[in-house]
Amino acid sequence: MVLLALLALGIPICAIAGLVLGLSARSRLDVLSRRLAVLESELRAIREQATRDAPPAAQASSPEILDEEPIAPEASPPPTPEPIAQTTAPVPVIPAAAARPVRDRQDLEETIGSRWAIWVGGVALALGGIFLVRYSIEQNLLSPATRIALGGLFALALIGAGEWLRRRERSFALPGIPNANVPSILTAAGTCTAFASAYAAYALYSLIGPATAFVLLGVIAVLTMIAAMLHGPALAALGLLAAMASPLLVSSDKPQPWALVIYLAFVVLPAYGVARLRLWRRLALAAAIGALIWALPVFLMEPSDVMPAMVHLVLQTALAAFFLGAEPYRHVPDPEARTDWAASAVLLAFALAAVIVSASIAAGEGRPVLLAAIALVLLATGIRFAPAAPAAAWAALTAIGTLLVWPIEAEIGGNPENLFYQSGDIFAVRPHSLGLYLAVAFALPPIIAGISLLRLARSPHLRLPAAAWYVGAATTGPLLALVASYWRIAEFERSLSFSLVAGGLALAFVTATSWLARRQGENGPSAHLALGATASAVLAALSLGLTFALDRGMLTVAFALTALGTAWIADRVAIPALRYAVGAIGLVILGRLIWDPTIVGGDPGPLLFNWLLWGYGVPALSFLLASRLMERTGRDRIVRLAESLSIVFGAFLIFFEIRHVLWMGDPLAATTDLLEVGLIATESLVFAILLTRLDLRRADPVYRWGSLIFKLLSLALCAGGLLIVENPLFGNDEISGGTFFNVLILAYLMPSLLAGALALVEREARPRFYSLSSAVLSLLLFSGFVALEIRLFFQGPEPGLWRGFTQGEQWGYSVALLVTGIALLGFGLLRGNRFARLASAVYLVLAVLKVFIIDLANLEGVMRALSFIGLGLVLIGIGLVYQRLLAQRPSHAALSP
């Protein structure tokens, strides 16, 4: 059956091969014919040019005489030959149309037929060999030894065919069609089959031992590397892909993770070697990514035994660090080093994978070994080679991540549990093996920090991007490790021990700052950057010490004071890095407040003097003062960021204080009412007015965009909240307070007045549309206030529309329209405000319409009479006012000369 199958496959293969050879021969014949025609045309052109350039006597001769050698007389000397340049014309350029052009680009048919088909065929050959072995296993057709032997023979046949075709590749080339790299694909299929056969012989059938498997896989890896050097990147890419996929296709009932670890090591090692020798960087990246992807299956094979996964991560991290971050840049000096982001991203992925594996309970005592190995590999790579400088920061990140996910203690006498998957009641979140945890926390981050600072001090010509990574590892790493340990052990409660540790860390940073200050003249900008970072780290460590010793709400206050102190030092010492540290601290504070808006995780305290005042007020004031200090040396983006943070913290302070007062100590209450919306709208309008006035004094994007944001917020709150959603007319809510002094003053009248003030301010600083929108909003809020006051006077504290209208109430609305119109007219005449005069006309028209339409139909008796009398008197009075104004204006005749 197998022979018949091979015969059935061989017949079409032979037919295809014959067709290819025939096409190749025909194409070569066409090429020779075209070349002969071109040569004939060139020779004819040369003869014609020579005839035109020859003397007249020579032109009279026939072509046959020109071809013969002239016979000179005996007495006369032989004629002196003329220079070749004078008798021979240059070879003319043959037009492109003389030969059939070769197309630069293929159409879809040629691409599919000449390249894609061969690539897919190579992959199919590799998969076919593997599937054939799998079919024989399922049907129990052959013995294990026979299967492995046939797989090896098939691999040798494919490799031999690829080498034979490589040596004869030119004779099979098709003109006009790009090379499909058939030899490389056949050789790649053969190496894939060889890898799979060797792996199956060891892992599936135990036909060879570990030592033999090592030797065999090593031989195959070396041969693959040599073959890839000869055949090009196609072999390397397909061979790597097939080798990575082989363990998935050849399955086993008893998975052996150690065998897979060994196999993956022998797969990626030749790939790295070929990539380095031939400078195929993508191949090296693909090998590292493939090994990283296999880390999870190795980890899941035996969840109770993570040692294979740990060894796999350490080994693959070391290989990736050497071939991606170390070996390519061993001769690159620091001034020319640029960050290799691809290699740095791969190393970061390995660091995160190590953190995930360290979270497993099964890691046990091997966890510190894994952490130390990964961190030291990354640190050595990042410190020695500047293009891989982020690896030093990844080392610190690995330590911090491991401290965060370290398994915890369970109940007394129980087994330790994972931090994220807890099966029972937890006795404490304190990490398991506390002594070992503290040893790692207090030893590894300081070692990383010290080595990073030493690298900075000994590199005077280091580029600033690389120096920034070393600075981060030296300063941020120990600080974050201290915070992680404090959370895991003290649970954010007050701890004098951690406060003392923070003080010791601050002292260490003071020593480092002094040391760098002494060496500042010897080094360049990198030491200057390190000096600023360590000075900022001193303040950060002291702030953490205060936080650990005091209540947990002091964390925000301590960081805010740290930012202010950092800005003060930056103004005195002129270290640019300190300015960026101020911005970074501000973003940290903002994130902390978003995470816990109440500062203390619950009730912030009394109504006014509470943690909100400290947690938001101190940062607002600190960053305002910090922006003023840093502004002395220039108003850059950091200054604007600090000032923006000050505005944000101040706005949040007022916002949460309002909610804290209204909802009895719960600033996060999931409810709202008319008074709250009115007060928040008032806050937004006040901030909009202040920022607009500041923008008038000194134009700046912070003031311009800030005022616009607060204006839009106030428009949304007033138009959507006060006039529609929370409007008492559309619901059953009561209006709290008395008849005249009630919630409507704060909810409607105050925002109305502030909107009017904003309109006046915007007339001088914004386009006309801004001022008009604010003025309209002011009139709408004032009209709502007056209408609700009239409704409250006649209907009581429940002014819903469902209660109907009385005659006195309707008459009151008419009076309100007339009085408002008169007031707007007076304001417009006194201030020369045309908008106010037009608005008064609108109110008076509304009053006229109401009197003649609504009052005439609904009012009776004296009320109807009073409405018409009042309207008539008002209109007559307005007419007299306008007549007097027009009479006082100088006429055009008087103005004319």
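Coordinates for the structure precede this section.
What counts as what
- Residues numbered from 1 in each chain as written.
- Predicted model: local features only at pLDDT ≥ 70, side-chain atom pairs only at ≥ 80, totals over all residues.
- Heavy atoms only, no water.
- Helix = DSSP H or I, 4+ residues; strand = E, 2+ residues; numbered from the N terminus.
- Buried < 20%, exposed > 50% of the residue type's maximum accessible area, 1.4 Å probe, protein only.
- Contact = heavy atoms within 4.5 Å.
- 1 Å grid on protein atoms, 1.4 Å probe; cavity = no way out; pocket = protein on both sides within 12 Å on 5 of 7 lines; lining within 4 Å.
- Points joined across faces, edges and corners; volume = space filled by probe spheres on them.
- Nonpolar A, V, L, I, M, F, W, Y, C, P; charged D, E, K, R; others polar.
- Axes fitted to C-alpha atoms, helices over the stretch in contact; angles between N-to-C directions.
- Parallel < 35°, antiparallel > 145°, perpendicular 65-115°, else oblique.
- Phe/Tyr/Trp six-rings, centres within 6.5 Å; stacked < 30°, edge-to-face > 60°.
- Patch = residues over 30% accessible without salt bridge, like charges linked within 9 Å, V, L, I, M, F, W, Y side chains within 5 Å.
- Areas by Shrake-Rupley, 256 points an atom, 1.4 Å probe, with all protein chains shown as cover.
- Salt bridge = Lys/Arg side-chain N within 4 Å of Asp/Glu carboxyl O.

> Before we move on, can you summarise the side chain of Thr317 with the specific residues and values?
Assignment of secondary structure puts Thr317 in helix H13 (residues 307–326). Residue Thr317 is classed as buried on the basis of its relative accessible area, which comes to 1%. Not counting chain neighbours up to four residues away, the residues in contact with Thr317 comprise Leu347, Phe350, Ile374, Val377 and Leu378.

> Provide a residue-level description of the layout of surface pockets, including the pertinent values.
Roughly 1500 Å³ of volume is contained in the second largest pocket. Taken together, 48 residues make up the lining of the second largest pocket; nearest its centre are Thr476, Leu479, Leu480, Phe559 and Val588. Examining the composition of the lining of the second largest pocket, we find that 14 residues originate from one element, helix H18 (residues 464–490), more than from any other. Taken together, the residues of the lining of the second largest pocket break down into 35 nonpolar, nine polar and four charged.

> Kindly report on the packing of helix H17 (residues 434–457) against helix H19 (residues 496–518), identifying the contributing residues and their values.
Between H17 and H19, whose axes approach to 12 Å, the crossing angle comes to 10°. Between H17 and H19, the angle is such that the two are roughly parallel. On H19, the residues that touch Phe442, Leu453, Leu454 and Ala457 of H17 are Phe498, Val501, Ala512, Trp515 and Leu516. For the contact of H17 with H19, a count of residues per class yields nine nonpolar, no polar and no charged.

> Give me the packing of aromatic side chains: which residues, what numbers.
How two aromatic rings sit relative to each other is set out by the distance from centre to centre and by the angle between their planes. Inspection of every chain in the model, using the stated rule, returns 15 aromatic pairs. With centroids separated by 5.1 Å and ring planes inclined at 85°, the aromatic side chains of Trp406 and Tyr437 adopt a geometry described as edge-to-face. With Trp406 in the loop between helix H16 (390–405) and H17 and Tyr437 in helix H17, this pair connects stretches of sequence that are 31 residues apart. For Trp406, a relative accessible area of 1% gives the class buried. Ring geometry for Tyr616 and Phe652: centres 6.4 Å apart, planes at 45°, overall tilted. Taken together, the residues Tyr616 in helix H23 (residues 611–630) and Phe652 in helix H24 (residues 637–662) connect sequence positions 36 residues apart. According to the relative accessible area criterion, Tyr616 is buried, its value standing at 2%.

> Now, about a nonpolar patch on the surface: what can you tell me, with residues and values included?
A cluster of nonpolar side chains, contributed by Leu607, Leu608, Phe609, Leu613, Trp614 and Val661, occupies part of the molecular surface with about 640 Å² of accessible area. When you line up the elements, Leu607 lands in the loop between helix H22 (576–595) and H23. Taking the relative accessible area as the measure of exposure, Leu607 reaches 44% and is therefore partly exposed.

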